[in-house]
Amino acid sequence: MNFKGIFLVLFGACSFGILSTFVKLAYAEGYTLGDVTGTQALFGVIMLWSIYLIQRRTQAKVKPKPVIKTHCIKLLLAGTFTGLVSLTYYQCVKLVPASVAIILLMQFVWITVILELIFFKKKPNRLQMLAILFILVGTVAASGYFEQSAENLSIAGIGYGLIAALCYAIFLMLNGNLGNEYPPIQKSALMITGACILIFIVLPPAFLFNGALNGSLLKWGLFLAVFGTVIPPLCFAGGIPKIGLTMSSILSSAELPVAVSMSALVLHEEVSLIRWIGVAIILSSMILPNLENLKKTDKLK
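These notes cover the structure that comes with them. Treat the numbers as computed from the prediction; the structure is a model and nothing was measured.

Some thoughts on the overall build of the protein
Check the secondary structure of the protein and you find 13 helices and zero strands. Each helix (α) and strand (β) of the protein, taken in turn from the N terminus, gives the series α-α-α-α-α-α-α-α-α-α-α-α-α. In the protein, which comprises 301 residues, the proportion classed as buried is 48%. Considering only contacts within the protein whose residues lie at least 6 apart along the sequence, 89% involve residues at least 24 apart. Only carbon and sulfur atoms are counted for the fraction: they give 69% of the accessible area of the protein, which is about 15,500 Å².

Laid out in structure tokens, this is it:
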């Protein structure tokens, strides 16, 4: 068992999981959706391209593969879905509790299955259908629907969360089929550049001119860029090849309990027993189909 690969994927997933909590903290200090998404994307672009250029210098003897402009454009366009995820998910975080926002984002699991059926004619098996059913049941419980506080949930927030899940599912499909001939860092840098361009078009970067970066926005932007834009792709690029996609899918589900735990510990959001049961149901639904695939892989070895 490759413990280094396991650690990298787990760390990348946990890194994603803490984002919603710190976005909430940035909002509490008066910063806007444009401030949060814009600084994360901008600093993420700067960091990823810097890492890529440093990597190229240290590997100067290795001749880089020729860059195909059409492939670059495709990666930039694919990256716009990352930008859409940031815009819709962080707007969701603004309107509903952080612990609910991450649960809505996790709906990308069953949305991906539907997209594969529509575009690739790939029919889900019985285990996947059962997993989708349990995810929906777990979502209802984990969102707080059975509690009185559920009446206060924003319909718009739920809508933004589901749109974020759809965009994330599309991004995953595109990410798996585009730009695999590029080094992981360059591929990530191109995609985040596309995301940054989209975010700046939708929400012009007023923070560059209004002095917001002189305050704590610089801190939040750097923090979100490191833990949301730089660490996850680096960890996944280093860990997934070592332990395989199936085990990585199982470990990446750690994002959900980390996000819910952080919202309870840092934001002091109330997470009742029934909501934790809902989280457990969702986790089980995500893990079980992959465990079946893992057993098949072990038999082939």
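So that's the structure; there's more coming.
Section: helix α9 (residues 184-202)
With 19 residues, α9 extends 27 Å between its outermost C-alpha atoms, agreeing within 8% with the 27 Å of an ideal straight helix rising 1.5 Å per residue. Most of α9 sits inside the fold, with 14 of its 19 residues counted as buried.

Observations regarding a nonpolar patch on the surface
Together, I114, L117, I118, F119 and F120 make up a nonpolar patch on the protein surface, roughly 500 Å² of accessible area in all. With respect to the secondary-structure elements, I118 resides in helix α6 (residues 108-120). I118 sits in the partly exposed class, given a relative accessible area of 47%.

Digging into the packing of α6 against helix α7 (residues 126-142)
Two elements in contact, α6 and α7, have axes whose closest approach is 9 Å; the angle formed by their N-to-C orientations is 145 degrees. Crossing hand, α6 versus α7: left-handed. On the side of α6, the interface is formed by V109, W110 and V113, while α7 contributes I132, I135 and L136.

Some points on the environment of P205
Mapped onto the secondary structure, P205 falls in the loop between α9 and α10 (217-243). For P205, a relative accessible area of 16% puts it in the buried group. The spatial distance from the C-alpha of P205 to the C-alpha of T39 is 8.3 Å, given a sequence separation of 166 residues.

Description of the nonpolar core
Counting 65 residues, the largest nonpolar core has Y89, Y90, I102 and L256 as its most contacted members. Once residues within four sequence positions are removed from consideration, L256 is found in contact with I102, I103, M106, V279, I282 and L283. Counting five residues, the second largest nonpolar core, distinct from the first, contains V9, F236, I243 and L251.

Thoughts on unusual backbone geometry
The phi angle at H268 is positive, at roughly 60 degrees, despite the residue not being glycine. Residue placement: H268 occurs in the loop between α12 (255-265) and α13 (273-300).

Quick notes on the packing of aromatic side chains
Going through the model one piece at a time under the given rule, you end up with ten aromatic pairs. Residues F7 and F11 carry aromatic rings whose centres are separated by 5.8 Å and whose planes lie at 10 degrees to one another, so their mutual orientation is stacked. Pair noted here: F7 and F11 are both in helix α1 (residues 3-17), with a separation of four residues, about one helical turn. Overall, F7 belongs to the exposed group, its relative accessible area being 52%. Ring geometry for Y89 against Y90: centres 5.9 Å apart, planes inclined by 40 degrees, an arrangement best described as tilted. Members of the aromatic cluster, connected to one another through ring pairs, are F22, W220, F223 and F227. Looking at K94, its charged tip hangs above the ring of Y27, at a distance of 5.5 Å from the centre. K219 extends its terminal NZ or CZ atom over the ring of W220, reaching a point 4.3 Å from the ring centre.

A word on the side chain of E255
If you trace the backbone, E255 turns up in helix α12. Comment: no salt bridge for buried E255; closest opposite-charge side chain is R275, at 15 Å. Setting aside residues up to four positions removed in sequence, E255 forms contacts with A13, F16, G17, I102, L105 and M106.

Details of the environment of F171
Position of F171 among the secondary structure elements: in helix α8 (residues 155-177). Separated by 93 residues in sequence, F171 and A78 have C-alpha atoms that sit 6.5 Å apart.

About the criteria used
- Residues numbered from 1 in each chain as written.
- Predicted model: local features only at pLDDT ≥ 70, side-chain atom pairs only at ≥ 80, totals over all residues.
- Heavy atoms only, no water.
- Helix = DSSP H or I, 4+ residues; strand = E, 2+ residues; numbered from the N terminus.
- Buried < 20%, exposed > 50% of the residue type's maximum accessible area, 1.4 Å probe, protein only.
- Contact = heavy atoms within 4.5 Å.
- Areas by Shrake-Rupley, 256 points an atom, 1.4 Å probe, with all protein chains shown as cover.
- Expected span 1.5 Å × (residues − 1).
- Patch = residues over 30% accessible without salt bridge, like charges linked within 9 Å, V, L, I, M, F, W, Y side chains within 5 Å.
- Salt bridge = Lys/Arg side-chain N within 4 Å of Asp/Glu carboxyl O.
- Axes fitted to C-alpha atoms, helices over the stretch in contact; angles between N-to-C directions.
- Left-handed = near helix turned anticlockwise from the far one by under 90°.
- Core = buried A, V, L, I, M, F, W, Y, C linked by side-chain atoms within 4.5 Å.
- Phe/Tyr/Trp six-rings, centres within 6.5 Å; stacked < 30°, edge-to-face > 60°.
- Lys NZ or Arg CZ within 6 Å of the ring centre and 35° of its normal.
- Lys, Arg positive; Asp, Glu negative; His and termini not counted.

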